[in-house]
Amino acid sequence: MPLLQIKTLSHWFGGLRAVYDFNLDLEEGELVGLIGPNGAGKTTIFNLVTGAYKPTEGMVQLNGDDLVGLQPHQITARGIARTFQTIRLWNELTVLDNICIAYASRIRYSLPDSILHGRRYREEERQIKERAIELLAVFGLEQQAQELAGNLPYGAQRRVEIARALATEPRVLLLDEPAAGMNPGEIEELLALIQQIRQDFGLTIWIIEHQMRVIMNICERIKVVDFGETIAAGTPIEIQNNPKVIEAYLGEEAF
Amino acid sequence: MRKLYLPLIVLLLFVVIIGGSWLRIFNEYWQLVLLFMGINIILTVSLNLINGYMGEFSCGHAGFMAVGAYVTGILTVWLFAEDKVFGLPVLPAAWAIPLFPVALIIGAVAASLVGLLIAIPSFRTRGDYLAIVTLAVNYIVKSAIENMEVIGGPRGFVGMKRVMNNMADVLDVPWLLIWTFIGMIVTILIIRNFMSSTFGKGVEAIREDEIAAELMSVNTRRVKVVVFMLSCGLAGLAGGLFAHWPGGYVNPGTFTILKSTEVMVMVYLGGMGSISGSIISAIGFTLLLEVLRPLGVFKWVVIPLLLVVMMLLRPTGILGNRELTDVFPRLRAIFGSEEESYALASD
């Protein structure tokens with residue numbers, strides 16, 4: 001059985017069809033890309049899977065569990081985490097707090113305990129901090145733990161966002177244009193980082209990206225959407241030579 | 001050792017304030033100022049949870065104060081004092097001493113339940129729209145009280161003086177100041193502890209980016225219900241204490257949008273998301289009102305002017321979103337929590 005299964009997913013914004021009949025089987029450990037021109041509905045698909053939007057139609061299952069209709073935080077708790085196209089860190093909080101808060105769904109102490117600070121509370125909070133600091137170390141951010149997230153340089157903020165997503169302890173990680181705004185050197189680092197966390201955390205990764213370098217380098221399979229519909233699927237080589245994809249990106253041949 | 005400083009300071013303050021009042025070193029006027037200071041601290045610190053930490057704009061805090069004031073007041077009068085409406089006391093007057101805090105808690109719980117009236121719309125609405133909801137709740141509470149003739153309607157509710165006198169007859173200590181002091185300390189501890197927990201920090205995540213908070217595993221609905229109920233409940237506690245002030249009466253005219261504004265002013269003056277800022281500004285504002293008393297009505301010309309100047313010079317309030325321990329790190333030896341000392345150790 002696939003880890004993440006999406007069937008006939010469709011979504012309308014009023015009369016506008018944003019996503020139509022999207023299907024995907026994501027096997028455990030895969031790294032799959034999602035590409036398409038601007039406004040093709042890629043981020044909408046992520047929003048539907050993570051529960052930010054409720055799909056008009058269709059089914060999303062993680063490991064056989066239905067996800068449609070759950071609150072976003074419940075979906076995150078079940079094992080899907082994401083990053084955002086434009087960085088959405090909690091800017092006025094420290095980097096460490098940004099990571100710690102993402103453990104929220106793993107907290108087992110009770111509400112009164114968060115006020116009374118009993119033994120169990122102290123033990124759990126200590127564990128959360130330790131794990132957060134370990135996680136920051138993986139991303140080379142332990143020195144910045146006490147800085148405000150909003151004060152970090154752009155590249156570091158991108159890394160904090162990925163670290164925060166990992167703090168939710170996901171099985172599937174959705175990356176929404178992680179390389180946006182990066183120079184070639186930073187992109188190389190990002191690729192290495194994605195490969196590393198994929199192995200270290202046993203992740204299944206689904207990535208939206210415009211930089212073909214990224215997609216063609218690391219993805220095993222690619223789906224292409226345009227105007228909300230899937231127009232192609234296959235290996236990077238197949239996609240590169242698919243006339244429909246070329247048409248979607250470059251327009252119809254003029255001659 | 002470090003852990004002992006703070007309780008010692010609190011104990012010392014308690015002894016000075018309560019002892020001083022008991023021995024009449026502070027006259028009745030100063031006792032009243034101290035009482036209002038304590039009540040204002042509770043109101044300011046609790047409203048800071050919504051307006052400062054969560055970044056919502058609640059302008060109906062006086063409404064929840066009114067619920068607490070009336071519920072607690074009616075309860076103590078019904079139980080412990082002879083009253084025109086409720087007749088003879090239900091319980092012996094001496095029982096008022098142990099049961100007074102229970103009445104306060106019931107008033108706080110009632111106010112926190114009314115707090116649900118804004119918690120539930122807050123799932124779907126934010127900012128200006130939620131502010132209007134809070135305003136509406138303030139008016140609903142006030143109008144409801146005005147139209148209940150049983151509890152005095154617009155004329156107000158009296159009888160709490162007899163309760164306090166009965167308590168003083170049994171044992172002559174400044175009961176109200178004692179409970180206000182305890183209520184103030186409990187309020188500060190609740191908000192401080194809650195906001196230092198990972199669960200509580202979800203409140204700040206909601207302020208910074210609610211969508212990201214929800215998608216990054218913060219149960220935003222639960223957090224909002226907790227925040228509104230906690231904050232409104234503490235406003236109810238402040239109201240319950242206020243109802244027993246030496247004046248001996250409460251009337252709905254006290255709990256208007258003006259009172260809510262006063263609390264908001266104290267929050268913004270102290271700094272949003274700063275507990276120590278709220279405490280400082282509540283104390284300062286209460287004193288300012290008293291210092292300017294000779295000016296009479298012109299007080300309300302001078303105070304807003306001071307506010308305008310303050311906002312121009314320091315738009316983030318006295319402390320901004322920092323705590324006193326951030327501005328003066330040495331104070332951390334006294335006030336620092338374990339969490340902070342842990343963070344320092346790991347630096």
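About the cut-offs
- Residues numbered from 1 in each chain as written.
- Chains lettered and ligands numbered in written order.
- Predicted model: local features only at pLDDT ≥ 70, side-chain atom pairs only at ≥ 80, totals over all residues.
- Helix = DSSP H or I, 4+ residues; strand = E, 2+ residues; numbered from the N terminus.
- Rg over C-alpha atoms; globule rule 2.2 N^0.38 Å.
- Buried ≥ 20, exposed ≤ 12 C-beta atoms within 10 Å, placed from the backbone.
- Contact = placed C-beta atoms within 7 Å.
- Pairing = 2+ DSSP bridges.
- Axes fitted to C-alpha atoms, helices over the stretch in contact; angles between N-to-C directions.
- Nonpolar A, V, L, I, M, F, W, Y, C, P; charged D, E, K, R; others polar.

A. Here's a closer look at the overall build of chain B. For chain B, the helix and strand inventory stands at 16 helices and 2 strands. Radius of gyration (C-alpha) of chain B: 20 Å, near the 20 Å computed for a compact globule of 347 residues. With respect to the principal axes defined by its C-alpha atoms, chain B has extents near 60 × 45 × 40 Å. Here chain B holds 347 residues, and the buried ones make up 46% of them. In chain B, the share of contacts with a sequence separation of at least 24, taken over all contacts with a separation of at least 6, comes to 79%.

B. Examining the overall build of chain A more closely. Regarding its fold elements, chain A presents 10 helices and 10 strands. A compact globule built from 255 residues would reach a C-alpha radius of gyration of about 18 Å, and chain A, at 19 Å, matches this within 12%. For the C-alpha atoms alone, the extent of chain A along its principal axes is close to 70 × 40 × 35 Å. Looking at the 255 residues of chain A, the share that counts as buried comes to 42%. By sequence separation, contacts in chain A at least 24 residues apart represent 67% of the contacts at least 6 residues apart.

C. Highlighting the sheet that holds strand 1 (residues 4-13) of chain A. Residue and element names in this part refer to chain A. Here 4 strands make up an open sheet; going across it, the order is 2-1-4-5 and the pairing antiparallel. On the outer flanks of this sheet lie strand 2 (16-26) and strand 5 (65-66), each paired with one strand and no other. Examined bridge by bridge, strand 4 (residues 57-62) and strand 5 share 2 bridges and lie antiparallel to one another. Bridging from a neighbouring strand, Leu62 pairs with Asp65 of strand 5. Of the strands in this sheet, strand 1, strand 2 and strand 4 are in contact with helix 1 (residues 42-49), which crosses strand 2 at around 65°.

D. Expanded view of the interface of chain B and chain A. Across the boundary between the two partners, chain B contributes 26 residues, which contact 32 residues of chain A. Among the secondary structure elements, those contributing two or more residues to the side of chain B that touches chain A are helix 7 (175-196), helix 8 (198-208), helix 9 (210-215) and helix 16 (338-345) of chain B. Considering every element that reaches the side of chain B that touches chain A, the biggest residue donor is helix 8 of chain B, with 8 residues. Of the residues assigned to the side of chain B that touches chain A, the class counts are 12 nonpolar, 8 polar and 6 charged.

E. Structural context of the pairing of strand 4 of chain A. All names here are of chain A. Bridge count for strand 1 against strand 4 is 5 bridges, and the pairing is antiparallel. Across the sheet, the residue bridging to Ile6 is Val60, located in strand 4. Hairpin connection of strand 4 to strand 5: 2 residues between the antiparallel strands, including Asn63 at a positive phi of 55°.

By themselves, these figures tell us nothing about what the structure is for.
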